[in-house]
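# Coordinates in review
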Amino acid sequence: MKIRYILIYTILTITYVNAYDLNKKPQIIEYKKEKNYKKLINLANKYALEKQIDKSLNAAKEAYECNKKSKEALLIMARIYNFKKDYENLLDTAKKIVKLSPKNYLGNIYLANAYMQKDKSKAKEILLGLLKKHPEDKQILDKLKVLNEV
């Protein structure tokens, strides 16, 4: 009888310990990912300040792979694509930003910039929507002026 209790106790203890360890591992992995994400964002910003654009872009892409729900890495990527005039990648990245945060000012500006190269009516629609929220924004007014002249 005692052996039976000892055996049951041992099995329950092993099961509990294993279950506890299984729950802990994902938290550790998520913590490491978050820590790595922050390092990569800082690195991307550092490289951008040093005008090392390709290194900045690579660090931002790695950061995005660590955390696909944060728009910080996407905004860095969009800024670089806009600078490089890579409108295809800018369009994809800006769409992701706006999907995560529809009212994000910069995300919408980048989206309008990308559409200015392909679909001017879509760009105008986005800019007019932004103009309602920011009626005296010079950047928006200038972009609309350019669209109306073309």
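Read on for an overview of the structure. Source: prediction; values computed, not measured. (Residues numbered from 1 in each chain as written. Predicted model: local features only at pLDDT ≥ 70, side-chain atom pairs only at ≥ 80, totals over all residues. Heavy atoms only, no water.)

### A look at the overall build of the protein chain
Operational definition: What counts as a helix is a DSSP run of H or I of at least four residues, what counts as a strand is a run of E of at least two, and both are numbered from the N terminus. Three exposure classes are used, based on accessible area relative to the maximum for each residue type with a 1.4 Å probe and protein chains only: buried under 20%, partly exposed in between, and exposed over 50%. The contact criterion used is simple: two residues touch if any of their non-hydrogen atoms lie within 4.5 Å.
Looking only at helices and strands, the protein chain has seven helices and zero strands in total. Along its sequence from the N terminus, the protein chain presents helices and strands in the succession α-α-α-α-α-α-α. Of all 150 residues assigned to the protein chain, the portion counted as buried reaches 33%. For the protein chain, the share of sequence-separated contacts (at least 6 apart) that also reach a separation of at least 24 residues comes to 46%.

### A closer look at the nonpolar core
Just so we agree on the cut-off: Only buried residues count toward a nonpolar core. Its members are Ala, Val, Leu, Ile, Met, Phe, Trp, Tyr and Cys residues joined through side-chain atoms within 4.5 Å.
In this structure, M77, L111, L127 and I140 are the most contacted members of the largest nonpolar core, which totals 37 residues. Of all the secondary-structure elements, those providing two or more residues to this core are helix 1 (2–49), helix 2 (53–66), helix 3 (71–84), helix 4 (87–100), helix 5 (105–118), helix 6 (120–133) and helix 7 (138–149). Tallying contributions element by element places helix 3 first for this core, with eight residues. Beyond its immediate stretch of four places on either side in the chain, L111 contacts L91, A94, K95, V98 and I126.

### Examining the packing of helix 3 against helix 5
Selection criterion: Every axis in this analysis is a line fitted to C-alpha atoms, fitted for helices over the stretch in contact. Angles between the N-to-C directions lie between 0 and 180 degrees. An angle counts as roughly parallel when it lies under 35 degrees, as roughly antiparallel when it exceeds 145, as roughly perpendicular when it falls between 65 and 115, and as oblique in every other case. For any helix crossing, the convention is left-handed if the near helix is rotated counterclockwise from the far helix by under a right angle, and right-handed if that rotation is clockwise. The residue classification treats Ala, Val, Leu, Ile, Met, Phe, Trp, Tyr, Cys and Pro as nonpolar and Asp, Glu, Lys and Arg as charged. All others, Gly included, are polar.
With their axes 11 Å apart at the nearest point, helix 3 and helix 5 run at an angle of 30° to one another. For the element pair helix 3 / helix 5, the angle class is roughly parallel. Like other packed secondary-structure pairs, helix 3 and helix 5 cross with a definite hand, here left-handed. Seen from helix 3, the contacting residues are L75, A78, R79 and N82; seen from helix 5, they are L106, G107, Y110 and N113. Considered class by class, the residues forming the contact of helix 3 with helix 5 number four nonpolar, three polar and one charged.

### Some details on the side chain of N104
Note the following rule: What qualifies as a polar contact is a pair of N or O atoms within 3.5 Å, subject to a donor-acceptor requirement within protein and to the restriction that residues adjacent in sequence count only when both atoms come from side chains.
Within the secondary structure layout, N104 lies in the loop between helix 4 and helix 5. Overall, the relative accessible area of 13% leaves N104 in the buried class. At a separation of 3.2 Å, a polar atom in the side chain of N104 contacts the main-chain amide nitrogen of L106. Excluding residues within four positions of it along the chain, N104 makes contact with K71, L75 and I97.

### A few points about the pattern of salt bridges
Note the cut-off: By definition here, a salt bridge exists when the distance from a side-chain nitrogen of Lys or Arg to a carboxyl oxygen of Asp or Glu is within 4 Å.
Across all of its chains, the model carries five salt bridges by this definition. K84 is the partner of D54 in a salt bridge, and the nearest nitrogen-oxygen pair spans 2.9 Å. Remark: K84 occurs in helix 3 and D54 occurs in helix 2; sequence separation between them is 30 residues. D54 sits in the partly exposed class, given a relative accessible area of 49%.

### Overview of helix 2
Because each turn of an α-helix spans 3.6 residues, side chains separated by three or four positions end up pointing in the same direction. Inclusion rule: Here, expected helix span is obtained from the residue count minus one, scaled by 1.5 Å. Relevant arc is that of directions from the helix axis to the C-beta atoms, nothing else.
The end-to-end C-alpha separation of helix 2 is 20 Å, in line with the 20 Å expected for 14 residues at 1.5 Å each. Buried within helix 2 are the following residues: S56, L57, A59, A60, A63 and Y64. One side of helix 2 carries all its buried residues, which in axial view fall inside an arc of 165°.

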